[in-house]
Amino acid sequence: EPEVTQTPSHQVTQMGQEVILRCVPISNHLYFYWYRQILGQKVEFLVSFYNNEISEKSEIFDDQFSVERPDGSNFTLKIRSTKLEDSAMYFCASSDTAVHNTFFGPGTRLTVL
Amino acid sequence: GNSVTQMEGPVTLSEEAFLTINCTYTATGYPSLFWYVQYPGEGLQLLLKATKADDKGSNKGFEATYRKETTSFHLEKGSVQVSDSAVYFCALNSGGSYIPTFGRGTSLIVHP
């Protein structure tokens, strides 16, 4: 069964450093998403991406965040200058159409020290 | 705006016990409702869904009924197994957006 993969599974970084979280969506999917979950809190939507551009983003997704699809397979989330409060589990997801059939990856746990 | 409220966890049960995880929501328009499950070390998986009032979603022995009058979508299973131990998320989408709004998740621990 096809699946969304994410790397690394755990990333530890120092405050102020840049991090790039990587995702490989399911190959024929067209919509890509990033969500995050701060420990013990709800899963929060960050951004959706379609046709090589951001289609929707939340208020969390400020100028420190960016997304990119650098080639035909990867989808990345960059945090320019990490803050302590960026520590969370980051989930990538993809879907084949806008109708809800979304598959999530296993997540990357980001720890900012 | 949209929001989802789930019961606090963890929920701890013995094998073969009856499970209920409560979920209530507020939403604009006519939301679609979902339950997702996250097994240890894995991503979120869609467990079941219901797209209109009085619909019942079911999968793997789990059920949830879309109750518009009580704005609820409680998850139930008649007899849980150790392998059901996971975190369960209630979610909805509405207002023309297909991006789901999630609850906090409820951890279920099933003991043999």
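What comes next concerns the included structure. Every chain is numbered independently, its residues counted from 1 as its sequence is written. All chains are assigned letters beginning at A, and all ligands numbers beginning at 1, according to the order in which they are written. The predicted origin of the model limits local features to residues at a pLDDT of at least 70 and limits the giving and counting of side-chain atom pairs to 80 or more, whereas totals for whole chains, interfaces and linings rest on all residues. Side-chain descriptors were evaluated using all non-hydrogen atoms of the structure, hydrogens and water having been removed beforehand.

1. Brief notes about the interface of chain B and chain A
- Chain B puts 17 residues into the contact, and the matching count from chain A is 18 residues.
- Both sides together, the interface formed by chain B and chain A hides about 1500 Å², and carbon and sulfur atoms give 60% of it.
- We count a salt bridge whenever a side-chain nitrogen from Lys or Arg sits within 4 Å of a carboxyl oxygen from Asp or Glu. Across the chain B-chain A interface, the total number found is zero salt bridges.
- Whenever two N or O atoms come within 3.5 Å, that pair is a polar contact, provided that in protein one can donate a hydrogen and the other can accept it, and provided that, for residues adjacent in sequence, both atoms are side-chain atoms. Between the two partners, chain B and chain A, sit zero residue pairs in polar contact (both at pLDDT 80 or more).
- Ranked by the residues each element gives to the side of chain B that touches chain A, the list is headed by strand S5 (residues 32–38) of chain B, at three residues.
- Gly counts as polar in this scheme, as do all residues outside two lists: the nonpolar Ala, Val, Leu, Ile, Met, Phe, Trp, Tyr, Cys and Pro, and the charged Asp, Glu, Lys and Arg. Looking at side-chain class alone, the side of chain B that touches chain A contains eight nonpolar, six polar and three charged residues. By the convention used here, residues are in contact when the closest approach between their heavy atoms is within 4.5 Å. In short, buried area is how much 1.4 Å probe accessible area vanishes from two parts on joining, totalled over both. Think of it this way: any DSSP run of H or I at least four residues long counts as a helix, any run of E at least two long counts as a strand, and we number them from the N terminus.

2. Focus on the pattern of salt bridges
Residue and element names in this part refer to chain B.
- In total, this model carries four salt bridges over all chains according to the counting rule given.
- The residue Lys52 makes a salt bridge to Asp55 at a minimum N-O spacing of 3.4 Å.
- Among the ionic pairs, Glu63 bridges to Lys56, the shortest N-O distance being 3.6 Å.

3. Brief notes about the sheet that holds strand S7 (residues 65–68) of chain A
Residues and elements named next belong to chain A.
- Taken in spatial order, the four strands line up as S1-S3-S8-S7 in an open sheet, and their pairing is antiparallel. Here the strands that pair on one side only, and so sit at the sheet edges, are strand S1 (5–7) and S7. Averaged over all pairs of adjacent strands, the angle between strand axes in this sheet comes to 20 degrees, irrespective of strand direction.
- When DSSP finds two or more bridges between a pair of strands, those strands are recorded as paired. Pairing of S7 with strand S8 (residues 75–79), which is carried by four bridges, proceeds in the antiparallel orientation. Within the sheet, the bridge partner assigned to Phe65 lies in S8 and is Ile79. Between N-to-C directions, angles span 0 to 180 degrees; the directions come from axes that are lines fitted to C-alpha atoms, helices contributing only their stretch in contact.

4. Some points on the side chain of Gln6 of chain A
All names here are of chain A.
- Here Gln6 is to be found in strand S1.
- Whether a residue is buried, partly exposed or exposed follows from its accessible area with a 1.4 Å probe, protein chains only, as a fraction of its type maximum: under 20%, in between, or over 50%, in that order. According to the relative accessible area criterion, Gln6 is buried, its value standing at 7%.
- A polar side-chain atom of Gln6 sits 3.0 Å from the main-chain carbonyl oxygen of Tyr90.
- A distance of 3.0 Å separates a polar side-chain atom of Gln6 from the backbone nitrogen of Cys92.
- In this structure Gln6 touches Arg22, Cys23, Trp34, Tyr90, Phe91, Cys92, Gly105, Pro106, Gly107 and Thr108, once residues within four positions along its chain are discounted.

5. Focus: the sheet that holds strand S8 (residues 62–65) of chain B
Residues and elements named next belong to chain B.
- Taken in spatial order, the four strands line up as S3-S9-S8-S7 in an open sheet, and their pairing is antiparallel. Both edges of this open sheet fall to strand S3 (19–21) and strand S7 (56–59), since each of them pairs with a single strand only. When the angles between neighbouring strand axes are averaged without regard to direction, this sheet yields 20 degrees.
- Examined bridge by bridge, S8 and strand S9 (residues 75–77) share three bridges and lie antiparallel to one another. By the bridge assignment for S9, Phe62 is matched with Lys77.

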